[in-house]
Amino acid sequence: MLLELAGVQKRFGGVPALRQGDLRVSEGEVHALVGENGAGKSTLMKIVAGMLQRDGGLMRWRGEEVRFQRPAEAHANGISMVHQESLLAPHLTVAENIFLGREQERGPLLDHRRMELETRSLIEEHGFPLDARSLVGELSPAQKQLVEICRAIHSASNLLIFDEPTSSLSDVETAAVFRIVRKLRERGMGVIYITHRLVELREIADSITILRDGETVYSGVYASVTTEEIVHHMVGREVSAIYQRQSLPPGRERLRFAMGGLSLNLHAGEITGLAGLMGAGRTELCQTLFGLRPAPGARIEIDGIPVALQSPQQAVDAGIAFITEDRQRTGLALALPLRTNITLAHVDGVARRGFIQARREQQVAEGYRERLRIRAASIEQWAGRLSGGNQQKVVVAKWLFRHAKVFLFDEPTRGIDVGAKAEVFALMDELARSGAAILMVSSELPELLQVADRILVMRAGRLVAELPRATTQQEIMRYAAVGA
Amino acid sequence: MLQRLLPFISLIALFVGLSIASPNFLTATNLSSVVRQTATINIMALGMTLVIVSGGIDLSVGAILAFSGTVGTMAIVAGAPVWLGVAVGLLCGLFWGFVNGLLATSLKIPPFIVTLGTLGIVRGVTLILSRGLPVVGLPRSFDVLGEGTLAGVPVVLFVLLACAVVTHLILHSTKLGRYTYAIGSNQEAAVYAGIPVAKYTVAVYAISGMLTGLSGMIEASRLMTGQPTAGQGYELQVIAAVVIGGGSLTGGAGSVVGTLIGAFIMGLLSNGSDLLRINPYVQQALIGAVIIFAVALDEARKRRFSK
């Protein structure tokens, strides 16, 4: 028995994040940890990794009770964690980041050469597309995640915690991560694997613990639970893991876009999916549509009226909404309350002659909170304190208040658990029904197949296919990867 | 790539341009003069490089310069040998640097505010200790530091080069340097990597303070008095040198070579303006414009960086 957690508790301010955290991991075991966002998974793991301190309950490491005051203490015991959000220094190289805090020295000076060599061999061993000398700040999110993984593998010797390690990775890279996990298991290490992608667990999990609202509601052998049961435990109510959407006949054309050889039309009541591999240009297309990436020769019409695309301001005025992939950085003001975030794109709607009407703003915010079922202590709560799913709802509320006509969703369910995903899809459906046109960029092919009315495929900056709802994942992949 | 070399190219261009524009530029006298005049700012800028790379800033360096020069010369006048007086100056700088670092890390106030406060405190203490009067009566031998030559080359140049080499070594090849970059680049990542951020932050300010103390003694040596009002406005020139050389005020970027280039560019602009008899008011505006230009270019280059 490597790690034993019993009744672990943690509060932030007055809010309990963990009430009853139980978990047991042995050597040579891959233990899945699942739960809705806000259920307490990351909090529990941060306590194990020494990043946070528990308020109550028991933690035993190799049979002895422990309390790690600092990450360094957890490291000293051979515990390492791959974080969900990148914790790398962008101005340092890949090699420097991998060795950060554990540099190898020759006397008083750093041994650059040895660290670079070790980094190179580590990268080669796993076949990652990385260069030991690249600056981390210039890497893609996927590459950064791989650097995080390398860093953790390199130092861990007993227990390795993966927190959403594959959220930015392609299938090929994800398979590489699975290989690593299996190798770690063979070496007799313990692995705790947090993910929303329940399907991945079939490949690697030995056991599973499910958290709900800060409590462990199930813990046991993975093979003895079905996915339906897992979802049920996570959510606590009957939820079909498969969300099915009824298509509507598409209404009038709301957006017409042309740029070089690429043309795109979006209709009211329709959810148009956009699939493609990483680097195909989907996010770039959204950015162009939103005026973030002005392209010469790009022409767009909203409801038949030509619109300039030189700045987000113009796009927003024209009725375009962009719900970004990185909602924390580009979708919300994390240190401002819900109320402020919801009215952020349309302050005129709650202001009279330049002065914001507090009561009107409250009404608006409360209205959206109720309508979208945003789970928060109050509308005064900082957006940064909400879970991923609720943050996404706040972003959508912001655009609803702006009466957007066209919604661009970029990876709408990234980092969101099953229960909240269904709610986000229901929201999108509602938007479509009310006459909006929706473009949904997603790497989750099953989700596209469930939600989109038709699926466009991009490859290397061009639209290469338009597939009907009844298409298959294989067909989408074929166009995305090969072309024809 | 070109943008990274821009400071260096600018320096060369400036050098060549001035050699052509003024017959007095490329003389031993003038060049020695430039070196001596920029030495103080240059050495302080080496320390500031460390501070800025760590993501901090120190507005009190001008005051520390004055304090160190005043107290160091007071020690000499009281009978201490010159070398001991210089050591006292260094220790004064080390002390105030330590104080800055300690205040910033323990009170968790932004360094900008802390050093804004110590700027006033140090200046005040200097005036109190000296009763507002300059320290006079220094032995002739003291001027070797600021005005002496060794084999035809100003002594300060050797001092500057020695400090530059050591600072470069620290930044590039030691744990202290590596952690300084890490803390400036992403403090959270540094914390979670187990780096004792507070300890290294204090060390950085202390070293910078010590280099400032050394500059204080060099300045005093040039003036042959301990001037409690010395160094007014120096902090801005020092920061400008680091920033023109590629240092980023948000941390994680900066280098010794860049800082030296930045300091010399400013020094040459000043020297050239004197030789070409350009109005000193115009000089000020010119330097300000250069700073903005240099940083704007650097920002454009860094735009694709992401955390």
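What counts and what doesn't
Residues numbered from 1 in each chain as written. Chains lettered and ligands numbered in written order. Predicted model: local features only at pLDDT ≥ 70, side-chain atom pairs only at ≥ 80, totals over all residues. Helix = DSSP H or I, 4+ residues; strand = E, 2+ residues; numbered from the N terminus. Rg over C-alpha atoms; globule rule 2.2 N^0.38 Å. Buried ≥ 20, exposed ≤ 12 C-beta atoms within 10 Å, placed from the backbone. Contact = placed C-beta atoms within 7 Å. Axes fitted to C-alpha atoms, helices over the stretch in contact; angles between N-to-C directions. Parallel < 35°, antiparallel > 145°, perpendicular 65-115°, else oblique. Left-handed = near helix turned anticlockwise from the far one by under 90°. Nonpolar A, V, L, I, M, F, W, Y, C, P; charged D, E, K, R; others polar. Pairing = 2+ DSSP bridges. Domains from an automatic or database assignment. Right-handed = clockwise from strand over helix to strand, strands pointing away. Core = buried A, V, L, I, M, F, W, Y, C linked by C-beta atoms within 7 Å. pLDDT = per-residue confidence, 0-100. Expected span 1.5 Å × (residues − 1).

Explain the overall build of chain A to me, please; I cannot follow it from the model alone.
Looking only at helices and strands, one finds 17 helices and 24 strands in chain A. Taken against the 2.2 N^0.38 rule, which gives 23 Å for 484 residues, the C-alpha radius of gyration of chain A at 24 Å falls within 12% of a compact globule. For chain A, the spread of C-alpha atoms along the principal axes amounts to about 70 × 50 × 50 Å. For chain A, buried positions account for 47% of its 484 residues. Of the contacts formed within chain A by residues at least 6 apart in sequence, a portion of 67% connects residues at least 24 apart.

What am I meant to see in the overall build of chain B here?
Tallying secondary structure elements over chain B gives 13 helices and two strands in all. In terms of overall dimensions, chain B is globule-like: its C-alpha atoms have a radius of gyration of 19 Å, near the 19 Å expected for 307 residues. Overall, the C-alpha framework of chain B stretches about 55 × 50 × 35 Å when taken along its three principal axes. Counted over contacts in chain B with a minimum sequence separation of 6, partners at least 24 positions apart contribute 78%.

How should I be thinking about the packing of helix α11 (residues 234–244) of chain B against helix α12 (residues 256–275) of chain B in this particular structure?
In a pair of packed helices, the angle between the axes and the distance between the axes together describe the arrangement. All names here are of chain B. Where α11 contacts α12, the axes come no closer than 6 Å and their chain directions differ by 120 degrees. What the angle tells us is that α11 and α12 run oblique. α12 is crossed by α11, and the crossing has right-handed handedness. Contacts from Gln-237, Ala-240, Ala-241, Val-242, Val-243 and Ile-244 in α11 reach Thr-259, Gly-262, Ala-263, Ile-265 and Met-266 in α12. Of the residues assigned to the contact of α11 with α12, the class counts are eight nonpolar, three polar and no charged.

What is the right way to read the interface of chain B and chain A from this model?
Quoted interface sizes are often the accessible area lost when the parts come together. In this assembly, 21 residues from chain B lie in contact with 21 residues from chain A. Going through the elements one at a time, α8 (175–185) and α9 (187–192) of chain B are the ones with two or more residues in the side of chain B that touches chain A. Ranked by residues supplied to the side of chain B that touches chain A, first place goes to α8(B) with five residues.

What is the right way to look at the sheet that holds strand β13 (residues 253–259) of chain A in this model?
Sheet strands pair by backbone hydrogen bonding; their relative direction is either parallel or antiparallel. Residues and elements named next belong to chain A. What the four strands build is an open sheet, ordered β14-β13-β16-β17; its pairing is antiparallel. The open sheet has two free edges, formed respectively by β14 (262–267) and β17 (305–307), since each of these has just one partner strand. This sheet shows a mean twist of 20 degrees between the axes of neighbouring strands, independent of strand direction. In terms of strand pairing, strand β16 (residues 299–302) meets β17 through three bridges, oriented antiparallel. Considered in β17, the bridge of Glu-301 is made with Pro-306.

Teacher, can you tell me more about the domain arrangement of chain A here?
All names here are of chain A. Here chain A is partitioned into domain 1 (3–235) and domain 2 (253–481). Facing 13 residues of domain 1, the contacting portion of domain 2 comprises 13 residues. A class-by-class count of the residues in the side of domain 1 that touches domain 2 yields five nonpolar, six polar and two charged.

What is the right way to read the pairing of strand β21 (residues 406–410) of chain A from this model?
Strand residues, when the strand is regular, have side chains that alternate between the two faces of the sheet. All names here are of chain A. With five of five residues buried, β21 is to be regarded as a mostly interior element. With burial as the criterion, each face of β21 is covered, one bearing Val-406, Leu-408 and Asp-410 and the other bearing Phe-407 and Phe-409. Sheet topology note: the β21/strand β22 (residues 437–441) ladder contains five bridges and is parallel. Residue Asp-410 lies in a different strand from β22, and its bridge partner there is Val-441. Read from β21 through helix α15 (residues 418–433) to β22, the crossover connection turns out right-handed.

Can you help me understand the nonpolar core in this one?
As a rule of thumb, nonpolar side chains are buried together in soluble globular proteins. Formed by 219 residues in total, the largest nonpolar core has its most connected members in Tyr193(A), Ile320(A), Val406(A), Phe407(A), Leu408(A) and Ile438(A). If you count residues domain by domain, this core takes at least three from each of domain 1 (3–235) and domain 2 (253–481) of chain A.

Looking at this structure, how should I read the packing of helix α3 (residues 61–77) of chain B against helix α4 (residues 82–106) of chain B?
Residue and element names in this part refer to chain B. In the contact formed by α3 and α4, the axes pass within 8 Å of each other and the chain directions differ by 150 degrees. Judged on the interaxial angle alone, α4 and α3 are roughly antiparallel. Crossing angle aside, the handedness with which α3 passes α4 is right-handed. Contact residues: Ile-64, Phe-67, Ser-68, Gly-69, Val-71, Gly-72, Thr-73, Ala-75 and Ile-76 in α3; Val-82, Leu-84, Gly-85, Val-86, Val-88, Gly-89, Cys-92, Gly-93 and Trp-96 in α4.

Would you take a moment to explain the sheet that holds strand β23 (residues 454–459) of chain A for this structure?
Residue and element names in this part refer to chain A. Across the sheet, six strands lie side by side as β18-β21-β22-β15-β23-β24; this open sheet has mixed pairing. Because the sheet does not close on itself, it has two edges, and the strands there are β18 (320–323) and β24 (462–468). Sheet twist, expressed as the mean angle between neighbouring strand axes with direction ignored, is 20 degrees. The sheet contact formed by β23 and β24 spans six bridges and is antiparallel.

It is not clear to me how helix α9 (residues 282–289) of chain A should be interpreted in this structure. Could you clarify?
Since there are 3.6 residues in each turn of an α-helix, residues three or four apart along the chain are aligned in direction. Counting buried positions over the eight residues of α9(A) gives seven, a clear majority of the element. Among the residues trailing α9(A), Gly291(A) stands out with phi positive, at a value near 80 degrees.

How do you make sense of the pairing of strand β1 (residues 3–12) of chain A when you look at a structure like this?
All names here are of chain A. Pairing analysis gives seven bridges linking β1 to strand β2 (residues 15–25), with the strands arranged antiparallel. In the strand pairing of β2, Glu-4 is matched with Arg-24. Where β1 folds back on β2, the antiparallel hairpin that results is connected by two residues, among which Gly-13 adopts a positive phi of roughly 65 degrees. Bridging between β1 and strand β4 (residues 56–61) involves five bridges; their strand directions are antiparallel. Residue pairing across strands places Leu-5 opposite Met-59, the latter belonging to β4.

Sorry if this is basic, but what is going on with the confidence of the model for chain B here?
In regions of low pLDDT, the predicted coordinates are not meant to be interpreted in detail. Averaged over all residues, the pLDDT of chain B equals 91, while 97% of them reach at least 70. This complex was scored by the predictor with a pTM of 0.75 and an ipTM of 0.82.

Can you help me understand the environment of Ala420(A) in this one?
Take Ala420(A): it is sitting in helix α15. With 19 residues separating them in the primary sequence, Ala420(A) and Phe401(A) have C-alpha atoms 21 Å apart.

When you look at the environment of Leu117(A) in this model, what are you seeing that I'm missing?
All names here are of chain A. The residue Leu-117 is located in helix α4 (residues 112–126) in this model. What makes Leu-117 partly exposed here is the crowd of 13 C-beta atoms within 10 Å. The sequence separation of Leu-117 and Val-406 amounts to 289 residues, and the corresponding C-alpha distance is 51 Å.

Hey, could you run me through helix α10 (residues 197–223) of chain B in this one?
Between its first and last C-alpha atoms α10(B) spans 39 Å; for 27 residues at 1.5 Å apiece the expected length is 39 Å, and the two agree. Two residues or fewer past α10(B), Met224(B) is found with a positive phi of approximately 55 degrees.

Would you explain the environment of Ala162(B) in this entry?
Its place among the elements puts Ala162(B) in helix α7 (residues 155–173). The sequence separation of Ala162(B) and Gln237(B) amounts to 75 residues, and the corresponding C-alpha distance is 21 Å.

Would you mind showing me how to read unusual backbone geometry here?
Both trends apply: most residues other than glycine have a negative phi, and most peptide bonds are in trans. Residues and elements named next belong to chain A. Unusually for a residue other than glycine, Glu-164 sits at a positive phi of about 50 degrees. The class for Glu-164 is buried, based on 20 C-beta atoms found within 10 Å. At His-403, a residue that is not glycine, the phi angle is positive and equals roughly 55 degrees. Tracing the backbone through its elements, the reader meets His-403 in the loop between α14 (388–401) and β21. Exposure remark for His-403: the 12 C-beta atoms within 10 Å place this residue in the exposed category.

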